[in-house]
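Take a look at the letters that make up each chain.
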Amino acid sequence: MHGPQWLERGMKHVWLPYAQMQTALPPLPAVSTQGRTITLADGSELIDGIASWWTACHGYNHPHIRAAVSDQLGRMPHVMFGGLANAPALTLASRLAAMLPGDLERVFFTDSGSVAVEVAMKMAIQYWLNRGRTGRTKLVAFRGGYHGDTMATMAVCDPEEGMHSLYQGALPEHFIADLPVDASSTRALDALLAQSGDSIAAIIVEPLVQGAGGMLFHSPDVLRTLRTLADRHGVLLILDEIFTGFGRTGSMFACEQAGIVPDIITLSKALTAGTMALAATVARTHVFDAFLSDNPMHALMHGPTFMANAMACACANASLDLFEREDWQERVARIARQMRTELEPCRSLPHVVDVRVMGAIGVVELDRIRDMNALKTALIGQGVWVRPFRHVVYLTPAFNITASELGKLTAAIRTVLAHPV
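None of the values given here were measured: they were computed from a predicted structure.

A. Region of interest: the overall build of the protein. From N to C terminus, the protein includes 13 helices and 16 strands. The C-alpha radius of gyration of the protein comes to 22 Å, within 12% of the 22 Å expected for a compact globule of 421 residues. Relative to its 421 residues, the protein shows a buried fraction of 52%. In the protein, the share of contacts with a sequence separation of at least 24, taken over all contacts with a separation of at least 6, comes to 70%. Just so you have it, the protein exposes about 18,300 Å², and 55% of that area is on carbon and sulfur atoms.

B. Fine view of helix H5 (residues 113-130). Helix length check: H5 (18 residues) gives 25 Å between terminal C-alpha atoms against 26 Å at 1.5 Å per residue, within 8%. A large share of H5 lies buried, amounting to 14 of its 18 residues.

C. Spotlight on the nonpolar core. In terms of nonpolar packing, the biggest core is built from 130 residues, with Phe109 and Phe246 touching the most fellow members. Apart from residues no more than four positions distant in its own chain, Phe109 is found in contact with Ala89, Leu92, Ala93, Leu96, Leu278, Ala279, Ala280, Pro304, Met307 and Ala308.

D. Region of interest: the layout of surface pockets. Approximately 420 Å³ is the volume found for the second largest pocket. If you go around the second largest pocket, you meet 19 residues; those closest to its centre are Arg106, Val107, Phe108, Phe288 and Leu300. Among the elements of the structure, helix H4 (87-99), strand E4 (104-110) and helix H9 (285-289) are those that each provide at least two residues to the lining of the second largest pocket. Top contributing element to the lining of the second largest pocket by residue count: E4, with five residues. Residue composition of the lining of the second largest pocket, by class: 16 nonpolar, one polar and two charged.

E. Representation of a nonpolar patch on the surface. Judged by side-chain polarity, Val14, Trp15 and Met21 come together as a nonpolar surface patch covering roughly 370 Å² of accessible area. Turning to its location among the elements, Trp15 is positioned in the loop between helix H1 (5-10) and strand E1 (30-34).

F. Fine view of the sheet that holds strand E13 (residues 352-358). The antiparallel open sheet is built from three strands, whose spatial order is E13-E14-E16. On the outer flanks of this sheet lie E13 and strand E16 (392-395), each paired with one strand and no other. Ignoring strand direction, the axes of neighbouring strands in this sheet form an average angle of 10°. Across six bridges, E13 lies against strand E14 (residues 361-366) in antiparallel orientation. Following the sheet pairing, Val355 is matched in E14 by Val364.

G. Spotlight on the sheet that holds strand E2 (residues 37-40). In spatial order, the strands read E1-E2-E3-E15; together these four strands make up an open sheet with mixed pairing. The sheet is open, and its two borders are formed by E1 and strand E15 (384-385), each paired with just one other strand. Sitting on the sheet, helix H13 (residues 403-417) is in contact with E2, strand E3 (45-48) and E15, with an inclination near 95° to E3.

H. Region of interest: empty space enclosed by the protein. By the definition in use, this model includes one cavity of 30 Å³ or more. In this structure, the largest cavity is lined by Cys57, His58, Glu326, Trp328, Arg331, Phe399 and Asn400. Here the lining of the largest cavity is composed, by residue class, of three nonpolar, two polar and two charged.

I. Inspection of the pattern of salt bridges at higher detail. Taken as a whole and judged by the stated rule, the model has 17 salt bridges. Here Arg356 ties to Glu365 by a salt bridge, and the two come within 2.6 Å at their closest N and O atoms. The exposure classification of Arg356 matches that of Glu365, with both residues buried.

Calculation notes
- Residues numbered from 1 in each chain as written.
- Predicted model: local features only at pLDDT ≥ 70, side-chain atom pairs only at ≥ 80, totals over all residues.
- Heavy atoms only, no water.
- Helix = DSSP H or I, 4+ residues; strand = E, 2+ residues; numbered from the N terminus.
- Rg over C-alpha atoms; globule rule 2.2 N^0.38 Å.
- Buried < 20%, exposed > 50% of the residue type's maximum accessible area, 1.4 Å probe, protein only.
- Contact = heavy atoms within 4.5 Å.
- Areas by Shrake-Rupley, 256 points an atom, 1.4 Å probe, with all protein chains shown as cover.
- Expected span 1.5 Å × (residues − 1).
- Core = buried A, V, L, I, M, F, W, Y, C linked by side-chain atoms within 4.5 Å.
- 1 Å grid on protein atoms, 1.4 Å probe; cavity = no way out; pocket = protein on both sides within 12 Å on 5 of 7 lines; lining within 4 Å.
- Points joined across faces, edges and corners; volume = space filled by probe spheres on them.
- Nonpolar A, V, L, I, M, F, W, Y, C, P; charged D, E, K, R; others polar.
- Patch = residues over 30% accessible without salt bridge, like charges linked within 9 Å, V, L, I, M, F, W, Y side chains within 5 Å.
- Salt bridge = Lys/Arg side-chain N within 4 Å of Asp/Glu carboxyl O.
- Pairing = 2+ DSSP bridges.
- Axes fitted to C-alpha atoms, helices over the stretch in contact; angles between N-to-C directions.

And the structure:
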């Protein structure tokens, strides 16, 4: 391995994510970011096509967000949220409640998406316990779904999904169904809820896009069907908008395209525009009210140490400022138009089975990727940072990416896929 000393020293001691470290490519030494560009230790630059796992929606080092972090750091970087409150957190909670549809107005802060989903699961199960309905401890989740890597969230991911299949037998068992995309799958889900409704606390789904499951798209009609079935059978509906929230699908929240209100929604990733770790689980009034009681056991007993971190909440407030000031919807629409035009030629390339775009998400699906390391290396050789996974090559760029930068990303994908590795 050749690189700066800190890379060579440190690689002897770190454990990398999602990597078989005996065969994985060594990570590239990033030393700075600006706009949509990552600069490496040797001075070379990569255009980031995935916004650091979909988080950096306004690009890197945005001056408004940087100023908010600096200001908050100088006054109070963190204070515990148990018994104390801070202005950035309460301001953010108020703003999120105002932005979200319906009466989603009680915000529980955490520090990662997986934990936000775990909190949503706990809320849903305890909602029924507090109402005297014991036995409702199961969730309905969907094939192709992904909700996190912690133990509880793994249990509501697709059980055949490669990352988590090893843990079968160690995880709680929930109901995994097909998304209700047609009459047959809708009838099957309706029957499941009718037969097992007394054991089901909630349905959980990623709205419009199942991200880590393969960037799988479905229509708003699916969400309307889920809301109808949840109401018919008296179960809660949880929407995991950790990927889709904050403009990624073309609307601020994906559920808006279906005109529905979930009982609980989870948010993270772009919440702080990729600057700091923060997540939120937001519940409707009737869910929150089920926890109000003279009985202390009816409280939600959860409290991450760094929940409602003041600096992270300041980041999120600054990001929301930018959404209010800038025409992000037109930017996302422009990105979608350009990706449709420039990725469509991939459809005729070897091994490509589909090309699809939704908002600022562009996907080229392959029948297989024979050599993932070679594909990643070839893309880096084109001067872009694109991280294929499973059998998809995808783009989720920052919303302020220029047409020229996006053109380099799409051209790199076309070039590399034209010569399969």
